[in-house]
Amino acid sequence: MSIRPVLTWPDSCLSQVCAAVAAPDPGLISDMFETMYDAPGRGLAAPQIGVMQRLFVMDVGWKNGEKTPMVCLNPEIVAASEDTVVGPEGCLSMPGVLVDVERSAQIELRYTNADGDRLTETLTGFAAICAQHELDHLDGKMHFDRVSQGNRTRILKEYEALT
């Protein structure tokens, strides 16, 4: 296992759509969890470490003392609630900047887990938000791509001032 460097905006890997994953890679998955926990984050998508595969890991409970690791290969949202929530989102690839993003309050996520099982799970609360954020990375989107052009310009200027 090893900690990998997290790419930061505007690295081109963060703007590309990822390819499907053929099979789970236990070494990559271990590296992603180790990198995420070290960062410290609650989610990490493969393109954030330069791996252009449809894979993300997340653990929304570990900062509160309960580890709930989740591995999602080839994830897709098959249903999303009309109810939405707006809240601040951070991103390991844009450290120091929070963006208020509107997301579905509940999603039904279909994915393959680390054992190769295809699952469908209903996610709510922060788990739903985190999964949507990480899935955006697999589609070459950042959290600021979900706001108005004016807010995007402001966010990018704020980030440039930090770097």
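Higher on the page you've got the structure.
Residues numbered from 1 in each chain as written. Predicted model: local features only at pLDDT ≥ 70, side-chain atom pairs only at ≥ 80, totals over all residues. Heavy atoms only, no water.

1. What to know about the pattern of salt bridges
1) Next: Here the structure, examined in full by the defined rule, presents 9 salt bridges.
2) Next: In this structure, R54 and D139 form a salt bridge, with 3.0 Å as the shortest nitrogen-oxygen distance. Here R54, found in the loop between β1 (43–45) and β2 (55–58), pairs with D139, found in the loop between α2 (125–138) and α3 (149–162); they are 85 residues apart in sequence, far enough to count as distant.
3) Next: Among the salt bridges present, the one from E158 reaches R154, with a minimum N-O distance of 3.6 Å. Pair noted here: E158 and R154 are both in helix α3, with a separation of 4 residues, about one helical turn. (Salt bridge = Lys/Arg side-chain N within 4 Å of Asp/Glu carboxyl O. Helix = DSSP H or I, 4+ residues; strand = E, 2+ residues; numbered from the N terminus.)

2. Focus on the environment of S2
1) Next: Secondary-structure assignment places S2 in the segment before α1 (26–38).
2) Next: Sequence-wise, S2 and L28 are 26 residues apart; in three dimensions their C-alpha atoms are separated by 9.1 Å.
3) Next: In this view, S2 contacts D31, E34 and T35; residues no more than four positions away in its chain are not counted. (Contact = heavy atoms within 4.5 Å.)

3. Regarding the nonpolar core
1) Next: Among the nonpolar cores identified, the biggest contains 16 residues, and F56, M58, M70, L109, L123 and A131 are the most heavily contacted of them.
2) Next: Among the secondary structure elements, those contributing two or more residues to this core are β2, β3 (70–80), β6 (106–112) and α2.
3) Next: With 6 residues, the top contributor of residues to this core is α2.
4) Next: Those residues in contact with M58 that sit more than four places away from it in its chain are F33, M36, R42, G43, T68, P69, M70, L123, A127, C130 and A131.
5) Next: L28, Y37, L44 and I49 belong to the second largest nonpolar core, which has 15 residues in total. (Core = buried A, V, L, I, M, F, W, Y, C linked by side-chain atoms within 4.5 Å. Buried < 20%, exposed > 50% of the residue type's maximum accessible area, 1.4 Å probe, protein only.)

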